[in-house]
Amino acid sequence: MSLLLLLVALCGWQCSPRRLILNQASGIFESALPTIYQEDDLALAEQFFSANLKTIEIVLAKDPTNRKLNLLAGQAFGAYAMAFIEDQDPERAQRFYQRGLKYALAGLPVNITFGENVKPAELEEILKQCRKADVPVLFWIGYNWGSFILHNLDSPKTIANLAKVEMIMHRILELDETYNFGGVHLFYGNYYAARPPLLGGNPEKGREHYLRNMELNRNQFLLTNFYYARYYAVQVQDRALFDKLLTGIVDFDLEQAPDLRLFNALAQQKARRLLAEAEIYFSDDNTNAEGEE
Amino acid sequence: MIKLRLLPGLFTCLTALLSAQTVYTVKMATVAPEGSLWMREFHKFDKDLSATTSGQIKFRVYPNAVQGGEKDILRKMQLGQLDIGTFTGVGLGELVHEVRILDLPFLFKNSAEVDYVYGKLFEEFQQKFIEKGFYLAGWAEVGLIYLLTRNPVSSPADFKDVKMWLWKGDPLARATFDELKISAIPLDITDVHTALQTGLIDGVYISPYGALALQWYTKTKYMLNYPLTNSVGAVLITQRKLNSLPADLREIFITKTKIYMRQIVLASRAENIESIKVLQDNGIVLTNPRDQQAVREFDLAGQRTRTKLTGSLYSAELLNRILQYLDEFRKQNAK
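Please clarify how helix 11 (residues 292–309) of chain B should be interpreted in this entry.
The α-helix advances 3.6 residues per turn, and as a result positions three or four apart in sequence lie on the same side. All names here are of chain B. Along its 18 residues, helix 11 runs 26 Å from first to last C-alpha, staying within 8% of the 26 Å computed at 1.5 Å per residue. Among the residues of helix 11, those classed as buried are Ala294, Val295, Phe298, Asp299, Ala301, Gly302, Thr305, Arg306 and Leu309. The buried residues of helix 11 occupy one face: seen down the axis, they fall within an arc of 150°. Facing away from the buried side of helix 11 by more than 90 degrees, the exposed set consists of Gln292 and Thr307. Tucked into the core, helix 11 has its buried residues touching helix 6 (171–179), strand 9 (222–231) and helix 12 (316–334). In the segment just after helix 11, Gly311 is the residue with positive phi, at about 100°.

Honestly, the sheet that holds strand 2 (residues 57–62) of chain B in this entry has me stumped. Any pointers?
The strands making up a sheet are joined through hydrogen bonds of the backbone, oriented either antiparallel or parallel. All names here are of chain B. An order of 2-1-3-10-4 is seen for the 5 strands of this open sheet, with the pairing classed as mixed. Of all the strands in the sheet, just strand 2 and strand 4 (134–139) have a single pairing partner and so form its edges. Averaged over all pairs of adjacent strands, the angle between strand axes in this sheet comes to 25°, irrespective of strand direction. Examined bridge by bridge, strand 1 (residues 24–29) and strand 3 (residues 84–88) share 2 bridges and lie parallel to one another. Note on strand 3: the bridge partner recorded for Met28 is Ile84.

Just checking my understanding: could you explain the packing of aromatic side chains for this structure?
Residue and element names in this part refer to chain A. Per the counting criterion, the structure on display carries 45 aromatic pairs over all chains. Relative to Phe282, the ring of Phe242 lies with its centre 4.9 Å away and its plane at 70°, an arrangement referred to as edge-to-face. Linking Phe242 in helix 13 (residues 239–251) with Phe282 in the segment after helix 14 (261–276), this pair joins segments that are 40 residues apart in sequence. For the residue pair Phe242 and Phe282, the accessibility class agrees, reading buried in each case. Its end group placed over the ring of Tyr103, Lys102 keeps NZ or CZ at 4.8 Å from the ring centre.

Could you clarify how one ought to interpret the interface of chain A and chain B in this entry?
How big an interface is tends to be stated in terms of accessible area lost as the parts join. Counting from both sides, the interface comprises 39 residues of chain A and, opposite them, 42 residues of chain B. In total, about 3200 Å² of surface goes out of reach between chain A and chain B, with carbon and sulfur atoms giving 51% of it. At the junction of chain A and chain B, the tally comes to 1 salt bridge. Between B:Arg40 and A:Asp154 there is a salt bridge, and its shortest N-O distance comes to 2.5 Å. Linking chain A to chain B there are 7 residue pairs in polar contact (both at pLDDT 80 or more). Mapped onto the side of chain A that touches chain B, the elements with two or more residues apiece are helix 8 (156–160), helix 9 (162–175) and helix 12 (222–235) of chain A.

Rules of the game
- Residues numbered from 1 in each chain as written.
- Chains lettered and ligands numbered in written order.
- Predicted model: local features only at pLDDT ≥ 70, side-chain atom pairs only at ≥ 80, totals over all residues.
- Heavy atoms only, no water.
- Helix = DSSP H or I, 4+ residues; strand = E, 2+ residues; numbered from the N terminus.
- Expected span 1.5 Å × (residues − 1).
- Buried < 20%, exposed > 50% of the residue type's maximum accessible area, 1.4 Å probe, protein only.
- Arc of directions from axis to C-beta.
- Contact = heavy atoms within 4.5 Å.
- Pairing = 2+ DSSP bridges.
- Axes fitted to C-alpha atoms, helices over the stretch in contact; angles between N-to-C directions.
- Phe/Tyr/Trp six-rings, centres within 6.5 Å; stacked < 30°, edge-to-face > 60°.
- Lys NZ or Arg CZ within 6 Å of the ring centre and 35° of its normal.
- Buried area = accessible area lost by both parts, 1.4 Å probe.
- Salt bridge = Lys/Arg side-chain N within 4 Å of Asp/Glu carboxyl O.
- Polar contact = N/O pair within 3.5 Å; in protein donor to acceptor, adjacent residues only side chain to side chain.

Take a look at the structure:
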């Protein structure tokens, strides 16, 4: 039985006030996260997440306006999709990101609520009112939304929202660049490096953000190194950097950063896969691209 | 008994024969990113081609401009490192400069006119590309290009105070803006977003989908609902690659490419129409030319641009022929 259900069952649904219990339940899940992050057995971590995702939704159904629980659901769906689904089943991952976005949006404080259809000018005004305490909910909105858009570039309605995601991330950068392992820098790294310059990308700016993230994490949060290789090194066709980053990840001793074992084990899995298919991303002659028109 | 014992051997032989069939790898590069309409349609093409040729033609795809911009892709095709690529007027014009005639401003009024004229010119241009070692596999236009500005524009005179972006090194846009008396600011495409933010420029030209994808729409408010031009595009295959394929495979490859390129064109037009609606949903206001006089002034600027570029980019004969085709088409459709 999962953690949340266990707690709720122990108290019983008749306990009052119910909201207090639900908040405690989400608190338990949150406080469990550091322990989960130390797990280097990916299968075990995946089981924990998949068991608890549905539980969070069940608990949330009892208290659908609970902001804290909604934020938790947004975080859990987004993180799970990135960690365990995206590589194998991108379409399924999209549905998870969509669900994560829906929950994260419902986690916004009443004074700064907005939905997917907010106009850029309106969002700009709303974001001005956000404070440092709002960073977690803003981050998981931006994270789920951005990940969803990257898989749906063929929909004009969806791609229009990328501007809104960028506005949200820009505000996070102003308020707290360190939240979630410097996640905002990882976002900007991918945001600039994953697209060619002709389509709005800027590999060098992307590189600066990857490096800043690595600095914030003392170069121990290896998912950043992975995306640095996956997007930046591929975009500028730097095979040497690509190989150096990925083999560095694979050779990393997980015990050097016990609190990050889960992320780093995940980065190692992703790095091994990427190394195996490297030839898809590089041309035979291995020359550097010479920029855009 | 003997027969039975022979069977496994026979099977091994057959399998060996089948697997001995040559697999032709075709390397394709494009600036379109994975997840885009272009790539989505291309994957369908890839699947179909593989099924039709029993896996004898295999693509190796380089999306997202990882092989560089159009000129890089072209160079790598000439060196034999790539076999097939997608190009706009910028890349196509490097090989056959008169193809830029199809990018002229205020020439086409709608996509039906584009199809008619492109159809008339296809074989002629194909011959020109063959002479350069490339096979024109099919048109794949970028589509109609519109002007987006911070202040409303409904006649050429309204451009007086617009700080318009000019794509650095684009002779066609320069000539057009000169004729419209727009003092444009030349910048690389990568600097446009920042320039819009800082106010260095407050007017751009782009496809509706591009305005969304590059987020330029967030820094503009109005779109002139009278297309500036229809941006040409095409898919080229190296003659070297085509000639290396057996005749039957070559035939299938050429036919399928043309069919799928047409589908991509139609899907991309639909995408741009939807994009205009999304732009409006996000606060962009569409303006129409103020009156017939304004329409005439835009068209006259187009005419002057055409005349000015005659001789340098294309011949008067080709221009006249295109104008004749257009006239012919408009008359047919006026009936």
